Protein chains: 2
Amino acid sequence: MKIDVVHRVLKLNDEFAASVRKRLLDHEITALNLISAPGSGKTALLEETIGRWENRGQLAVIEGDPDTTLDAERIQRAGAAVTQINTEGGCHLEANLVQRALDNFDLDAIELLFIENVGNLLCPAGFDLGERFRVAMVSVTEGADKPAKYPKLFRSCDLMILNKSDLLPHVDFDLPYFEHTVKCLNPGVPLLTVSCKTGEGLDSWMEWLRTAVASTAKASQ
Amino acid sequence: MKIDVVHRVLKLNDEFAASVRKRLLDHEITALNLISAPGSGKTALLEETIGRWENRGQLAVIEGDPDTTLDAERIQRAGAAVTQINTEGGCHLEANLVQRALDNFDLDAIELLFIENVGNLLCPAGFDLGERFRVAMVSVTEGADKPAKYPKLFRSCDLMILNKSDLLPHVDFDLPYFEHTVKCLNPGVPLLTVSCKTGEGLDSWMEWLRTAVASTAKASQ
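Computed from a predicted structure; not experimentally measured.

Asker: Is there a simple way to explain the overall build of chain A in this structure?
Answerer: The helix and strand tally for chain A stands at eight helices and seven strands. Relative to its length of 221 residues, chain A is compact, with a C-alpha radius of gyration of 17 Å against a globular reference of 17 Å. C-alpha atoms of chain A, sized along the principal axes, occupy 50 × 45 × 35 Å. Counting every position in chain A, which comprises 221 residues, the buried fraction comes to 56%. Contacts in chain A between residues at least 24 apart in sequence constitute 73% of all its contacts with a sequence separation of at least 6.

Structure follows, in structure tokens:
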């Protein structure tokens, strides 16, 4: 009985995700599902990204959190359109929540949508949100063993970000082991090392985003 | 239907937790359920604890991870009895898994049992494992907003540990805001600031553990 119910939930989620995906493609919107542990620096990266994007008006963010509107307030201050989803303790976003959040935006005006998932390396990995790209992030303070211990997310992502590289001199982080594990789990996935403090890697990240947006425009034709 | 199933799961878990709790009390074992985000430093704290405990043979650890035996190997090297539970992607430990793991130990020889939960601030908070104390941990690199954004765990813990204090000079961490939030969510909960690198706070932690063990001996009489 329990398995039946879980399967129904996932099937229903896939239907919503397909609908979200079509709606986004119809509007030529590139959507990213950003997944990491709590405190890896997802919101800080978005703040930096908004400041660097050529036209902030074309950016939108859906913020997923168990509680508070702290992250949405940061995004608003940075200058992008934002909707907060509070899961009230729930451990991941689902596509029907994204579907409803999209109603809050002027979709014709947006070219790039970030969906910042709930801070969690496990549950979000099981739910397609209709995004075009899934981005997994680890910060160097969390340790190089995270991909090995939480493989589902790292197998399924389209881009891997290693954040907080400014802290590398102060922590024990085995970079070759980390890179080796990522390569084993997900051969060919791009790996960007970034720091929102020093700015390291942010040019490559912006370049990756521009290419992603261009590929969506092509796909929607 | 879905809610019914979830309720049944939680009710069944509570029954297993009660059974675990009784079994531990019968053997005068103090069990701690250690919960944090991935990479906050749970295993490193246990390694330091094992090294400092007066009689390592009386320590045991249950390691919860979605995959690998990396953490169990570290605990074994540190010198404590250990059992690894792999949840195969599952996002939290449940009491029936702990019940089975207990069969691997000589319970008469143990006085202190650490249950290191899966790295996740959300799902583990909903499941009683039969522990005597629930310990929540945050590292300073994760940001001071974590208790506000993930309140369920921080409301329900018996001890709060702020880890990686050695990194405070290198990160923006609003300590007064953090302390204020913890106090609002869980008035009176002890807050220990520790660093496994510099050793800060570890004496207080060991002292807290000794008091906890003494209280169990009293409760079981």
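Asker: I would appreciate a short explanation of the interface of chain A and chain B in the present structure.
Answerer: It is common to report an interface's size as the accessible area lost on association of the parts. Taken together, the contact between chain A and chain B spans 39 residues of the former and 39 residues of the latter. Buried surface at the junction of chain A and chain B, both sides included, amounts to about 2900 Å², of which 62% is carbon and sulfur. Considering only the surface of chain A that becomes buried against chain B, Pro38, Leu122 and Lys149 of chain A emerge as the three largest contributors, covering 19% of it. At the junction of chain A and chain B, the tally comes to six salt bridges. Across the salt bridge formed by Lys149 of chain B and Asp71 of chain A, the nearest N and O atoms sit 2.8 Å from each other. On inspection of chain A and its partner chain B, the count reaches 12 residue pairs in polar contact (both at pLDDT 80 or more). Secondary structure elements with two or more residues in the side of chain A that touches chain B: helix H1 (2-26), helix H3 (70-78) and helix H5 (146-149) of chain A. For the side of chain A that touches chain B, the leading source of residues is H1 of chain A, giving four residues. Within the side of chain A that touches chain B, the residues separate by chemical class into 18 nonpolar, eight polar and 13 charged.

Asker: Explain the layout of surface pockets here, please?
Answerer: Gaps between atoms show up when a probe of the same size as a water molecule is rolled over them. Its volume calculated, the second largest pocket comes out at about 830 Å³. As for the second largest pocket, its lining consists of 39 residues, of which Glu142, Gly143 and Asp172 of chain A together with Ala44 and Arg74 of chain B are closest to the centre. For the lining of the second largest pocket, the secondary-structure elements that each account for two or more residues are H5 of chain A together with helix H2 (42-52), strand S2 (59-65) and helix H3 (70-78) of chain B. Its residues assigned to classes, the lining of the second largest pocket shows 11 nonpolar, 10 polar and 18 charged.

Asker: Please explain the packing of aromatic side chains as it appears in this structure.
Answerer: For any pair of aromatic rings, geometry is given as the distance between the ring centres together with the angle between the planes. Residue and element names in this part refer to chain A. For the structure shown, the criterion picks out eight aromatic pairs over all chains. Here Trp205 and Trp208 contribute two aromatic rings whose centre-to-centre distance is 6.2 Å and whose plane-to-plane angle is 10°, an arrangement assigned as stacked. On the criterion of helical spacing, the pair formed by Trp205 and Trp208 is a turn pair, its members being three residues apart in helix H8 (residues 202-219). The pair formed by Trp205 and Trp208 is uniform in burial state, with each residue classed as buried.

Asker: I tried to follow the pattern of salt bridges on my own but got confused; where do I start?
Answerer: Side chains that differ in charge, positive against negative, can pair when their charged atoms come close. The full count for this structure, using the stated rule, is 29 salt bridges over all chains. In this structure, the salt-bridge partner of Arg52 of chain A is Glu48 of chain A, at a minimum N-O distance of 2.6 Å. Placement of the pair is Arg52 of chain A and Glu48 of chain A together in helix H2 (residues 42-52), with a separation of four residues, close to one helical turn. The residue Asp172 of chain A makes a salt bridge to Lys197 of chain B at a minimum N-O spacing of 3.5 Å. With Asp172 of chain A in the loop between strand S6 (159-163) and helix H7 (175-185) and Lys197 of chain B in the loop between strand S7 (191-193) and helix H8 (202-219), this residue pair bridges two chains. Note on Asp172 of chain A: relative accessible area 66%, which makes it exposed. One continuous salt-bridge network, built from bridges that share partners, spans Glu47, Asp65, Asp71 and Arg74 of chain A together with Asp145, Lys146 and Lys149 of chain B.

Calculation rules
Residues numbered from 1 in each chain as written. Chains lettered and ligands numbered in written order. Predicted model: local features only at pLDDT ≥ 70, side-chain atom pairs only at ≥ 80, totals over all residues. Heavy atoms only, no water. Helix = DSSP H or I, 4+ residues; strand = E, 2+ residues; numbered from the N terminus. Rg over C-alpha atoms; globule rule 2.2 N^0.38 Å. Buried < 20%, exposed > 50% of the residue type's maximum accessible area, 1.4 Å probe, protein only. Contact = heavy atoms within 4.5 Å. Buried area = accessible area lost by both parts, 1.4 Å probe. Salt bridge = Lys/Arg side-chain N within 4 Å of Asp/Glu carboxyl O. Polar contact = N/O pair within 3.5 Å; in protein donor to acceptor, adjacent residues only side chain to side chain. Nonpolar A, V, L, I, M, F, W, Y, C, P; charged D, E, K, R; others polar. 1 Å grid on protein atoms, 1.4 Å probe; cavity = no way out; pocket = protein on both sides within 12 Å on 5 of 7 lines; lining within 4 Å. Points joined across faces, edges and corners; volume = space filled by probe spheres on them. Phe/Tyr/Trp six-rings, centres within 6.5 Å; stacked < 30°, edge-to-face > 60°.

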